[in-house]
Amino acid sequence: MSAAGKTTNRTNRGVRPLDIQNQGNCIVAVIGAGPAGLYAAHKLAENGVRVVLFNRDIKPGGLAEYGIFPSKYKMKEGLRKQFRGILSSPLIEYYGNVVIGQQGDLTLSELRAYGFQALVVTAGAQGTKWLGLPGEDLVGVYHAKDLVYHYNKLPPFSERKFNIGQRVAVIGVGNVMLDIAHWLIRYVKVAEVVAVARRGPAEVKFTKKELEIVARNLDLADLEAEFQRVAPVMQAIGQDVEAAKSYLYSALPKALEPVSDTHFRFEFLASPSRIIGGEQGIVRGLETEDTTLISTNGDTQAKRLNTKRLLEVDTVIYCIGDRVDDTFGLPVRKNEFVKNPNPRYPIDGISFEAYDPDLDRPIERVFVAGWSREASSGLVGIARKDGEMASRAVGQLLESLPSLRNPQKLLEEVHSYFDQLKKPVVTKTDLFRLEEIEKTQAERLGLEEYKFDSNEEMLKALGLI
């Protein structure tokens, strides 16, 4: 293995190198340039595999670029530095502003026809997950992902207008909910944020560190009353009320000083049942159904009680996870692309192979990783590990295939296709120039970072339109 490979193994302990004998004449297409795609490409390239990386967005990074809260500059810059190093590999080609899918610039079938020996789909979970409630089409009902993309300036979400009212219900109690609460409380500065949860305080999924950002805005009197209300239900299934309370209160000592008068509170044991509209189709309330908790084999579930309550809110934001894109071109079940139940190239017992359940057979040479394999599962570290594991599965396939006789011809044909495409396509050279342009703008304006608001602005800055 090369010196570069040895360096990577020091920093990625536990990830075994691939075992590919016909290095240099293998070519793999990776679709999606988030953490899973970038680290899969990196692991393949350092083992001598040529990689063509296709990305829907102009910039790489996916949720590492557009999902981490904007104020976490050091974290984001550290990741960008890693991604920059990955893309510097001469074995990795990059094509940004390219959509792969049934209605995209290229379909999966067309990519396979070029002669790629494997396709690795790491396109994330681009679909949105809804509850199917009456009123979801009202003005003021949004999905968290759209808002996260908006305030992180991912086109076209960066250009979209959102009607955020003063009283906001956020559905869900994970870290994504707290990211949205962070934005609403410390930037938008709404009057009230209420987090709605089907289950109780013992089932919250957020970390104390994320809660510390907004904990000083907690309505402590309301929180105490909420614990008194739900305590009998928790105790009935053996949950420790004081432990759950202590976890929420533990965020207070190191909480940030408040910058708004926003009241932040929780509504536990409340399952959303419908969204109520007022004049001009704008949200005016969220109806919830009371729940109780039942425990089955150690698993806590919420059971509806058929009693309803009304929360007077003017905005509803779903923070309940995502689903893959149904129009991408792979079979979907339960919000995810279907994986081979009996993988031929398993890694640690996990299947990364795409599968057609209707035909009951694997989709040859197509692999899935990251959120394309398991939607809304973990953040950058999990996606990285998943991408690297997928590269090992691909390596097993490549080991069984003959070398390509003329890999350069394949690369030239792909490049020629994009030369003739009636839209600008962004290469690695363009990316590095764009980075310098935005860095210069940030220095000129005295900002930590600068991002263009639209694809058009980026492409104009690059001279591509």
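Model, not experiment: these values are computed from the prediction.

Caption draft 1: Quick look at the sheet that holds strand β9 (residues 263-267). Read from one edge of the open sheet, 5 strands run β6-β13-β7-β8-β9, paired in parallel fashion. Looking along the sheet, the strands with just one partner apiece sit at the ends: β6 (141-143) and β9. For this sheet the average axis-to-axis angle between neighbouring strands, irrespective of direction, equals 20°. Strand direction decides the pairing type here: β6 and strand β13 (residues 315-318), joined by 3 bridges, are parallel. Of the residues in β13, the one forming a bridge with tyrosine 142 is isoleucine 317. The strands touched by helix α6 (residues 144-151) are β6 and β13; relative to β6, the strand with the most contacts, the crossing angle is about 75°.

Caption draft 2: Focus on the packing of helix α9 (residues 220-236) against helix α10 (residues 241-249). In contact at an axis separation of 10 Å, α9 and α10 are set at 150° when each is read in the N-to-C sense. With respect to α10, the axis of α9 lies roughly antiparallel. With respect to the hand of their crossing, α9 and α10 are arranged in right-handed fashion. For the pair formed by α9 and α10, the contact residues are Leu220, Leu223, Glu224, Phe227, Ala231, Met234 and Gln235 on the first element and Val241, Ala244, Lys245, Leu248 and Tyr249 on the second. Partitioned by chemical class, the residues of the contact of α9 with α10 number 9 nonpolar, 1 polar and 2 charged.

Caption draft 3: Representation of the pairing of strand β1 (residues 27-31) in the model. Within β1, 5 of the 5 residues are buried, which leaves the element mostly enclosed by the surrounding structure. Covered by surrounding structure in β1 are Ile27, Ala29 and Ile31 together with Val28 and Val30, the residues of both alternating faces. Direction of pairing for β1 relative to strand β2 (residues 50-55): parallel, over a ladder of 5 bridges. Residue pairing in the sheet places alanine 29 in a bridge with valine 52 of β2. The parallel pair β1 and β2 is bridged by helix α2 (residues 35-45), and the resulting crossover is right-handed. Note: β1 against strand β4 (residues 118-121), 4 bridges, orientation parallel. Within the sheet, the bridge partner assigned to isoleucine 31 lies in β4 and is valine 121.

Calculation criteria
- Residues numbered from 1 in each chain as written.
- Predicted model: local features only at pLDDT ≥ 70, side-chain atom pairs only at ≥ 80, totals over all residues.
- Heavy atoms only, no water.
- Pairing = 2+ DSSP bridges.
- Helix = DSSP H or I, 4+ residues; strand = E, 2+ residues; numbered from the N terminus.
- Axes fitted to C-alpha atoms, helices over the stretch in contact; angles between N-to-C directions.
- Contact = heavy atoms within 4.5 Å.
- Parallel < 35°, antiparallel > 145°, perpendicular 65-115°, else oblique.
- Left-handed = near helix turned anticlockwise from the far one by under 90°.
- Nonpolar A, V, L, I, M, F, W, Y, C, P; charged D, E, K, R; others polar.
- Buried < 20%, exposed > 50% of the residue type's maximum accessible area, 1.4 Å probe, protein only.
- Right-handed = clockwise from strand over helix to strand, strands pointing away.

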